[in-house]
Structures are given as structure tokens and as C-alpha cells.
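# Observations on chain architecture
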Amino acid sequence: MILLTRVETRDFQALFHRCVAGRPRGPTPPVAIQIRDETRIITATTLDGVVLTHTSPAPKEHDDFVLLPASVLTEVEGSTDEVVTLERQSKLRAVVRWHGGGKPRTLPVELILPGKQHEIPAPPEFSAVSAKLLSALYECGRTAAKDSGRYALSKIQLQGKAGRVIGTDGKVALLWAGFPFPFTDDALVPAVPVFGSKPLARLEQVRVGRTATHFVVAAGPWAVSLPVDTKARYPDVASVVPGHAPTTAGIDARDAVELLKALPTLPGGEEELSLIHI
């Protein structure tokens, strides 16, 4: 059974670590690997319910499902496209094989008995969206507060009808519009830094979907499922944004050069708030 390549293992771990807001807590969750209909699906779920998924073709592979300790990925990760394989010895025992340092390596593995909570759900129906959504989710997440109080400021808001992503810490707000979401209501999701990661930044085809419990963002072989909070409250950030842009005036570059020459000769040039000091 082919699991994945060593570089995919490295990227999976890097992305999963950034699916957590703040410092990781508790034990590292296991990794589920399912092969079905010649498709390989690898998932891991954070304690807060954020799910990272990697999907790839698995030609001529038999249907199977294994649950690995996360430490296995740490052992086999690398920067090459060499494949990592798993050979079952019994229901809960296996050997993982790969090449490292120019020689073959093996690792005995105690598999984890899977439960109903480890079942991999079917993906939602996806629709294409601008790749700028990844930047919007990342930057709005950076704008969000570290902790929530009366309002869930540690989350970001997706406004389906307006096509906006919003993040605020109660002092500064970022509103990013222009996304045709496949839903019309508003949804609160965790603010996680995964969307600023390099493995995702290299991808241009981005898709989004919605299930009964999650908002899913897919890019290339990767998908991040964000649990939707239906109970928390969020402030009406858009209401504090002026409806009309303020009036501004510009100065031609050539006029600016002459103005800078004249400013020192104007009255009040020595005052603290003079135009010369601004």
C-alpha cells in the first residue's frame, strides 16, 4: 500500500500544524489513510475540528483503511518524491518502508483501531472561486483577536450574500469582498494560519463548498474543512464602514516638487504641526 511521497509527508505535517490557532495542545491526532476506488485520501483532524485532507490517484491499489500514529509521518518525511509504503502484517501491525540517506529503511508500526469518528465524509459539491480567497482568509485571520469575549472575535466571518470575508479584533477590521460563495447566510469559522502556507500559495485553482457542519476550501490536492460555529455572535462590522469614500485631492508630481521648495518659506514653518514636519 503506497501512502504518499516523502515531500508530501513533509507538506502534510507543515500544513496540519498551521491548522491550529495559537499553540498546539493535547496529543497529536492520528492520520487516517483511505484507498477507495483507486483514490487515496489522507486526513487528520485538530482538536478544534479543523480537517486537513490530501487526495491523490491510487491506480491498481486495493481498497483499504489504516489509522497511523502521527509520529510515523515525522519519521519518514523528506524533500524527495520517493514513495512511502505500508505493508500489513496483521490487523493492527504493519511495516512502513522508504529510502533515506541512500539506503532502504523500515519502521514497525502499531496501527490504531479506527472508530466511527475516523470515517472520512464525502466531499461537498465545489464551485470555483478566486485564488485571492486564500489571502483573504489568511489576512483576516491575522486581524482576528486571540481570544473571544462577548463576541467571537477570535473567528472570521464569511458573508455568503455579500461575498465577503471579515476579521476584526474589536479595534481594527479587515473586510475583503469579491467572492461568490455557494451559500447566502453568514458563517463563523476558525481563524487559522494555514492559508498563508507555501504549499497552498503555489496553487491557483481554488474551490469552495459547504456541508452541514463545515466550510471547505480546496486547492489542488489539498482541502481544509473549517467547522462552522452556529451559536456564537459576531459584531456588525460592515455597519461602521463609511458608505461613501471621503473626498481626496491630489497634487501633480511636478507641482509637488515646486511646493516642497516653497514650504520652508511659508509662515509657521517652525511650529510642531507645520506642513514642513508632516
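What you see is a predicted model; the values in this text were computed from it and never measured.

### Details of the side chain of Arg40
Inspection of the secondary structure assignment puts Arg40 in strand β3 (residues 39–45). One buried charge, Arg40, has no salt-bridge partner; the nearest side chain with opposite charge is Glu61, at 4.1 Å. Within the structure, the side chain of Arg40 is placed 3.1 Å from the backbone oxygen of Leu3, a separation counted as a polar contact. At 3.1 Å, the side chain of Arg40 forms a polar contact with the backbone oxygen of Pro57.

### Thoughts on the nonpolar core
The biggest cluster of nonpolar side chains holds 54 residues, and the ones touching the most others in it are Leu68, Val96, Val165, Phe195 and Phe215. Broken down by element, the residue count for this core peaks at five residues, all from helix α3 (residues 132–143). Ranked by size, the runner-up nonpolar core spans five residues in total, among them Ala152, Ile166, Leu188 and Tyr234.

### Points about the pairing of β3
If a strand is regular, its side chains alternate between the two faces of the sheet. Burial within β3 is extensive, with five of its seven residues counted as buried. Where strand β2 (residues 31–36) meets β3, five bridges bridge the pair, whose relative direction is antiparallel. Within β3, the residue paired with Gln34 across the bridge is Ile41. Taking the residues that link successive antiparallel strands as the turn, the β2-β3 hairpin has two residues, and the phi of Asp37 there is positive, at about 55°. In this structure, β3 lies alongside strand β4 (residues 51–57), joined through seven bridges in antiparallel fashion. The partner of Thr43 across the bridge, within β4, is Thr53. Joining the antiparallel neighbours β3 and β4 is a turn of five residues, in which Gly49 adopts a positive phi near 90°.

### A look at the pattern of salt bridges
Under the criterion given, the structure shown has 11 salt bridges. A salt bridge links Asp252 to Arg254; its shortest N-O distance comes to 3.2 Å. Its relative accessible area of 66% is what places Arg254 among the exposed residues. Residues Glu258 and Lys261 are paired through a salt bridge, measuring 3.7 Å at the closest nitrogen-oxygen approach. Taken together, the positions of Glu258 and Lys261, both in helix α5 (residues 253–262) and three residues apart, correspond to about one turn of that helix. Linked by salt bridges that have partners in common, Arg10, Asp11 and Arg202 make up one network.

### What about the sheet that holds β2?
The strand order β5-β2-β3-β4-β16-β15-β14-β9 describes an open sheet built from eight strands, whose pairing is antiparallel. The open sheet terminates on both sides in strands that have one partner only, identified here as β5 (64–68) and β9 (127–129). Between one strand axis and the next, the sheet turns by 20° as a mean value, whatever way the strands run. Of the pairings in the sheet, the one linking β9 to strand β14 (residues 206–210) comprises three bridges and is antiparallel in character. The residue bridging Ala128 from the neighbouring strand is Arg207, located in β14.

### Notes on the pairing of strand β8 (residues 103–110)
Across eight bridges, the pairing between strand β7 (residues 93–100) and β8 is antiparallel. Paired with Val96 across the bridge in β8 is Leu107. Where β7 folds back onto β8 in an antiparallel hairpin, the turn is made up of two residues, including Gly101, whose phi is positive at roughly 65°.

### Here we look at the side chain of Thr143
Relative to the helices and strands, Thr143 is located in helix α3. Accessibility expressed as a relative area gives 15% for Thr143, which makes it buried. Every residue in contact with Thr143, bar those within four places of it in the chain, is listed here: Gly167, Thr168, Asp169, Val172, Ala173 and Leu174.

Parameters and conventions
- Residues numbered from 1 in each chain as written.
- Predicted model: local features only at pLDDT ≥ 70, side-chain atom pairs only at ≥ 80, totals over all residues.
- Heavy atoms only, no water.
- Helix = DSSP H or I, 4+ residues; strand = E, 2+ residues; numbered from the N terminus.
- Buried < 20%, exposed > 50% of the residue type's maximum accessible area, 1.4 Å probe, protein only.
- Lys, Arg positive; Asp, Glu negative; His and termini not counted.
- Salt bridge = Lys/Arg side-chain N within 4 Å of Asp/Glu carboxyl O.
- Polar contact = N/O pair within 3.5 Å; in protein donor to acceptor, adjacent residues only side chain to side chain.
- Core = buried A, V, L, I, M, F, W, Y, C linked by side-chain atoms within 4.5 Å.
- Pairing = 2+ DSSP bridges.
- Axes fitted to C-alpha atoms, helices over the stretch in contact; angles between N-to-C directions.
- Contact = heavy atoms within 4.5 Å.

Nothing here speaks to function; it is geometry throughout.
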